[in-house]
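Each chain, letter by letter, is given below.
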Amino acid sequence: MSREVFEWVEIDMPQCSHDYGVAPCAAVLGTTGVRKCYKTKRTCQDLDNFLAGTPATLSFSKIGVPIPPGVTALAMLKGVQQSSATVNIAGSDPRYGQLGKRTSLAFTLVDRTHNDVGVDPYRSQRADGTAQTDEPGYLPETRGTYLAKLRARWPNYAKAAVRLKRALIVNNALTDVSTYNYLLTEMDGPNRGEVKVEALGVTDLMDEKKSLCPKPSEGVLIADMTNVATTFSVDTGLGAGYAASGRLTIGSEVMSFTRVTDTFTVVRGQRGTTAAAHSIGDTVQQNYVADLVRADDLIKDLILNFTETPASYITFADWQTEVDRWAPSRKFSTDICTPTPVGTLVAELAELGITVFEDERAGKFRLKMNRPVDDGETVWSFTDRNARSIGPQEDRDEDRITQLLVFSKRFDPTRSLTDEANYQRKMLTINPRAQKIYDGVRTRKIFTRWIDQGDDTTIKTLSSRLLNRFENAPKKTPIVLDARDKAIANMDVVQLSTVDNPDVTGNATVQLMQVISRTETVPYHEVKVEVQAYAFGSRYGRIAPNGTPAYSSATQAQRDRYAALVATATPTFFDGTEGFRLI
C-alpha cells in the first residue's frame, strides 16, 4: 500500500455577495467605471454597499507533485516554512513575550499566466467585451500573470485566512487531513516571477497597531472647563461614540458620566483623582471599566470587542468549564484610562496564572488556569523506550521563585502601572519550603491593574498556585515522538520517565510535565515537543461527597481523587503518603 504526504496552501479572498449593477449595488458600467469590478473592495465602484460574502478560496500545491482527486489547486507552491507557537505559562520565561512565541508560516509562490477561472466572476464577459466600455473583448490568460493581477485587484489582503493543509495519499485517496490556521500578513513581489508570502497566527491581531482597549475616543472639549463644572459638550455627532453612562478621563482626572447626545453630565474627581481645570481641545477618553468580572468573561470581552478575532476562535463553553472548576469566585476590577494593546492586557492576566494560547490546528483560543492536573484529564506517558529521543534537559533555574510580591488596588488609575507608590496593597506570599531547600530568596514582582477592588483572597490564591508551580526550576525537555503521537497538543500533560532524570538512588523517576511547543518535524512520521516541569509541590484532591469512606477504608481511586484531612503535627497518612493542600 503506497503512502505519500501531500501538502497545499489555501488563501481566502473576500468577495462581494452582490452582482455588479444589481440592487443594492449602484454601480453603472460606463458611469461609475469603464469595466466591471472583480468583486474585491479595491475594484468596487459602490463601497457603501460592498458586502463580503463567501470568499474565493485560492489553492496552491507544490510544483511537480501530482494533485490527487478531491483537491483543486494550482501547482505554484515552491517551499513552505512553518514555525510553531511556544506557550509561556504564567509569563515564566523572560525570553518570550508574556503571550509566548507566535506561530507563523512562510511560503513562496511561482507566478504564471492564468485564465482567471475561479478568480474573476465576469471572466466570460471580459472575453466578449460586455464587461468593459473602453476596449473590445480579450482573453484574460493573454494579460499579465496570476499573482501580479491578484495583487492589483486585492491590495488589502492583510488578515485574510490562510490554511496550510497536509494529508496522506493512500491508494490515490486523501486521508488524515491536518489543517493549520493563520492570517495573511505580507505578500512581497512578484520578484523574478516569485511572490513570498508570510502569515501569522490570530494572536497577531492583539498587537498595538491592530487592537487597543479602550478604543481611542474622538471627542474633545469644545470649551474650557473649570474644576467645578458638572457638564461639558463635544462636537456635534461625536457623542454617539460614547456609552450612555460610564467613566471617562480628561487629562489626569477620572469622571463618571451620563450622556444625552453630545452633552455629558459628570461627577468629578473619581477613582482617587482630583478635579482640575481643563482646556478647550483636551481629549475626552472613555475608560474601559471592569467591575468584578470573571476571567473567562473578561478575556472574551477583550478579544471579541477590541480585536478583529473571528468569533469562531472563542471556545467559551470550554473556558467557562475551566474557570468554574478552578476560579469561580475570582473576580477582576479595573479602570483603563489610556488605549492599551489588547495583547498587553491579556499578557498581564497571564502573569497571574491565566494562560490564553492559540491552537492553530483547531483555529481556536484555549484558556487554562495555572493549576494541578485535574481529575480525569488525559495524561500522556513517555519513557526512554517509547520516545524516539528525550533531552537534553534545560534547567531554567533563573525562572524559579520562592516568594511573590503583588502590588494591587491603585490609588490613581491614570498613573504608571509600575509606580510602586501608586498601590494601596503590597502582598508578599512566601514559599518557606522553597527558601529552606534552596537557601535563599527568589522574588517575582507583579504590578496588576486587574485587582483594583483589593481582593486579598484572589491574590493569595493565585500567588500560592504560582509559588507551587515554580517552587523548583521549571525544567524544559525536548522529546521526539513517532507519528502515532501526533495528536499531542500544547498544554497537554505528560508523564516523563528517563534515566537522565533519576531519583536520589539513580532510578528513573516519573515527572509531570506540560507541553509548551509542538512541531511536526517530519509530517506523518515524527513530532517534536518541548515540555516544561508541571510539578506542584503538594498533593491535591477534590472535596469528597457524603458517604465516602474514611481514608483507611477508601479504594486507591478514591484516595487519588478526593482530599482527606490530616493533623498538622503528623502531616502524613497511615500509609506514609503526604496530606492534601487546599488551594
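Located above this text is the structure these notes cover.
Report on the accompanying structure. (Residues numbered from 1 in each chain as written. Predicted model: local features only at pLDDT ≥ 70, side-chain atom pairs only at ≥ 80, totals over all residues. Heavy atoms only, no water.)

With respect to the overall build of the protein
Within the protein, the secondary structure is distributed over 8 helices and 29 strands. Structurally, the protein occupies a C-alpha span of about 95 × 85 × 45 Å along its principal axes. A burial count over the protein gives 48% of its 583 residues as buried. Considering only residue pairs separated by 6 or more positions, the protein has 68% of its internal contacts joining residues 24 or more positions apart. When the accessible surface of the protein is summed, it comes to about 26700 Å², and 50% of that surface belongs to carbon and sulfur atoms. Averaging the positions of the 70 positive and the 71 negative side-chain charges in the protein gives two centres separated by 2 Å. (Helix = DSSP H or I, 4+ residues; strand = E, 2+ residues; numbered from the N terminus. Buried < 20%, exposed > 50% of the residue type's maximum accessible area, 1.4 Å probe, protein only. Contact = heavy atoms within 4.5 Å. Areas by Shrake-Rupley, 256 points an atom, 1.4 Å probe, with all protein chains shown as cover. Lys, Arg positive; Asp, Glu negative; His and termini not counted. Charge placed at Lys NZ, Arg CZ, Asp CG, Glu CD.)

Some points on helix H2 (residues 146-153)
Inspection of H2 places Tyr146, Leu147, Lys149, Leu150 and Arg153 among the buried residues, and these make up the whole buried set. Viewed end-on, H2 has its buried residues packed into an arc of 160°, placing them on one side of the element. Elements that come into contact with the buried residues of H2 comprise strand E1 (3-13), strand E2 (56-62), strand E3 (74-83), strand E4 (104-110), strand E6 (173-191) and strand E7 (194-200). (Arc of directions from axis to C-beta.)

Topic: the packing of helix H3 (residues 295-306) against helix H4 (residues 316-326)
Following both chains from N to C, one finds H3 and H4 inclined at 150°, their axes separated by 9 Å at the closest point. Looking at the two axes, H3 sits roughly antiparallel to H4. Taking contact as the criterion, the partners of Ala295, Asp296, Asp297, Ile299, Lys300 and Ile303 in H3 are, on H4, Phe316, Trp319, Gln320 and Val323. Of the residues belonging to the contact of H3 with H4, the class tally is 6 nonpolar, 1 polar and 3 charged. (Axes fitted to C-alpha atoms, helices over the stretch in contact; angles between N-to-C directions. Parallel < 35°, antiparallel > 145°, perpendicular 65-115°, else oblique. Nonpolar A, V, L, I, M, F, W, Y, C, P; charged D, E, K, R; others polar.)

Examining the pairing of strand E5 (residues 161-170)
For E5, a buried count of 9 out of 10 residues is recorded, marking the element as mostly surrounded by other parts of the structure. Summarising the sheet, E1 and E5 pair through 9 bridges and their orientation is antiparallel. Residue Val9 lies in a different strand from E5, and its bridge partner there is Leu164. Sheet topology note: the E5/E6 ladder contains 9 bridges and is antiparallel. Across the sheet, residue Val170 finds its bridge partner in E6, namely Ala173. (Pairing = 2+ DSSP bridges.)

Brief notes about the sheet that holds strand E23 (residues 443-447)
Across the sheet, which stays open at both edges, the 3 strands sit in the order E22-E21-E23 with mixed pairing between neighbours. Two strands lie at the open edges of the sheet, namely strand E22 (423-430) and E23, each paired on one side alone. In this sheet, adjacent strand axes meet at a mean angle of 15° when their direction is disregarded. Two elements, strand E21 (residues 403-410) and E23, share 5 bridges in a ladder whose sense is parallel. Note that in E23 the partner of Gln403 across the bridge is Thr443. Helix-sheet contacts for helix H7 (residues 456-469) involve E21, E22 and E23, and the interaxial angle to E22 is about 35°.

Some words on the nonpolar core
For soluble globular proteins, the rule of thumb is that nonpolar side chains tend to be buried together. Leu302, Phe332, Leu349 and Phe365 are the most contacted members of the largest nonpolar core, which totals 52 residues. Looking at which element gives the most residues to this core, the answer is H3, with 6 residues. If near-sequence neighbours (up to four positions away) are discounted, Phe365 is found in contact with Val202, Thr203, Met206, Ile303, Thr309, Tyr313, Ile314, Thr315, Trp319, Val356, Phe357 and Glu358. Residues Ala56, Leu58, Phe60 and Trp154 belong to the second largest nonpolar core, which totals 28 residues. (Core = buried A, V, L, I, M, F, W, Y, C linked by side-chain atoms within 4.5 Å.)

Notes on H4
Those residues of H4 not exposed but buried are Phe316, Trp319, Glu322, Val323 and Trp326. The arc that holds every buried residue of H4, seen down its axis, measures 120°, which confines them to one face. In H4, those exposed residues whose orientation departs by more than 90 degrees from the buried face are Ala317 and Thr321. The secondary structure elements touched by the buried residues of H4 are strand E14 (288-294), H3, strand E18 (364-369) and H7.

Some words on the packing of H3 against helix H5 (residues 342-351)
The contact between H3 and H5 brings their axes to 11 Å, and the two run at 170°. Here H5 runs roughly antiparallel to H3, going by the angle between their axes. Together, Leu298, Ile299, Leu302 and Phe306 of H3 and Val342, Leu345, Val346 and Leu349 of H5 make up the contact between the two elements. When the residues that make up the contact of H3 with H5 are grouped by side-chain class, the tally is 8 nonpolar, no polar and no charged.

Things to note about the sheet that holds E3
With mixed pairing, 7 strands are arranged side by side around a closed barrel as E1-E2-E3-E4-E7-E6-E5. Across the sheet, the mean angle from the axis of one strand to that of its neighbour is 40°, orientation sign disregarded. The strands that H2 touches are E1, E2, E3, E4, E6 and E7; relative to E6, the one it contacts most, it runs at about 70°.

A few points about the environment of Pro328
Note on placement: Pro328 falls in the loop between H4 and strand E15 (331-336). Its relative accessible area of 41% is what places Pro328 among the partly exposed residues. Distance from Pro328 to Ala295, taken between C-alpha atoms, is 8.9 Å for residues 33 residues apart in sequence. Ignoring any residue separated from it by four or fewer positions in sequence, one finds Pro328 in contact with Arg294 and Val323.

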